[in-house]
Amino acid sequence: MSGVPGDIKIMQPAEVAALVKDDSAVRYVDVRTVGEFAQGRPLLPAVNIPFVFHHPLTTDPIPN
């Protein structure tokens with residue numbers, strides 16, 4: 001796949017779920033906003049590290 005570094009593997013959701021379930025050293029990192037993460041997430045241990053935050057008064061995006 002063009003533009004994807006060699007050490008990044010594109011995976012299907014079922015593959016990710018199996019990997020996280022089978023290997024306790026694997027962490028699922030969700031980069032959606034805090035609000036998106038709160039609305040729903042995969043049923044696996046997940047860490048939310050948002051790619052962007054939204055300013056509380058202006059809702060302008062702020063890169064993380």
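Up top you'll find the structure we're talking about.
Residues numbered from 1 in each chain as written. Predicted model: local features only at pLDDT ≥ 70, side-chain atom pairs only at ≥ 80, totals over all residues. Heavy atoms only, no water.

Asker: Quick rundown of the overall build of the protein? Include the residues and the values.
Answerer: Check the secondary structure of the protein and you find 2 helices and 4 strands. Relative to the compact-globule value of 11 Å for 64 residues, the protein shows a C-alpha radius of gyration of 14 Å, a clear excess of over 25%. C-alpha atoms of the protein, sized along the principal axes, occupy 40 × 30 × 20 Å. Counting only contacts in the protein whose residues sit at least 6 apart along the sequence, the fraction spanning at least 24 positions is 6%. Surface accessibility of the protein: about 5300 Å² in total, with carbon and sulfur atoms responsible for 62%. Side-chain charges in the protein split into 5 positive and 7 negative, and the spacing between the mean points of these groups amounts to 8 Å. (Helix = DSSP H or I, 4+ residues; strand = E, 2+ residues; numbered from the N terminus. Rg over C-alpha atoms; globule rule 2.2 N^0.38 Å. Contact = heavy atoms within 4.5 Å. Areas by Shrake-Rupley, 256 points an atom, 1.4 Å probe, with all protein chains shown as cover. Lys, Arg positive; Asp, Glu negative; His and termini not counted. Charge placed at Lys NZ, Arg CZ, Asp CG, Glu CD.)

Asker: Could you give an account of a nonpolar patch on the surface, with specific residues and numbers?
Answerer: A cluster of nonpolar residues, Val29, Val31, Val47, Ile49 and Phe51, forms a patch on the protein surface that exposes about 460 Å² of accessible area. Locating phenylalanine 51 in the fold gives a position in the loop between β2 (46-48) and β3 (52-54). By relative accessible area, which is 62% here, phenylalanine 51 ends up exposed. (Patch = residues over 30% accessible without salt bridge, like charges linked within 9 Å, V, L, I, M, F, W, Y side chains within 5 Å. Salt bridge = Lys/Arg side-chain N within 4 Å of Asp/Glu carboxyl O. Buried < 20%, exposed > 50% of the residue type's maximum accessible area, 1.4 Å probe, protein only.)

Asker: How would you summarise the pattern of salt bridges if you had to cite specific residues and measurements?
Answerer: What the rule picks out here adds up to 1 salt bridge. For aspartate 30, the salt bridge identified is with arginine 32, shortest N-O distance 2.8 Å. The exposure class of aspartate 30 is buried, given its relative accessible area of 4%. Look at arginine 32 and you get partly exposed, because its relative accessible area is 30%.

Asker: Go over the environment of threonine 33 with me, naming the residues and quoting the values.
Answerer: Relative to the elements of secondary structure, threonine 33 occurs in the loop between β1 (28-30) and α2 (34-39). In this structure, the C-alpha to C-alpha distance between threonine 33 and phenylalanine 51, residues 18 residues apart in sequence, is 6.8 Å. With sequence-adjacent residues up to four places away left out, threonine 33 is seen in contact with Asn48, Pro50, Val52 and His54.

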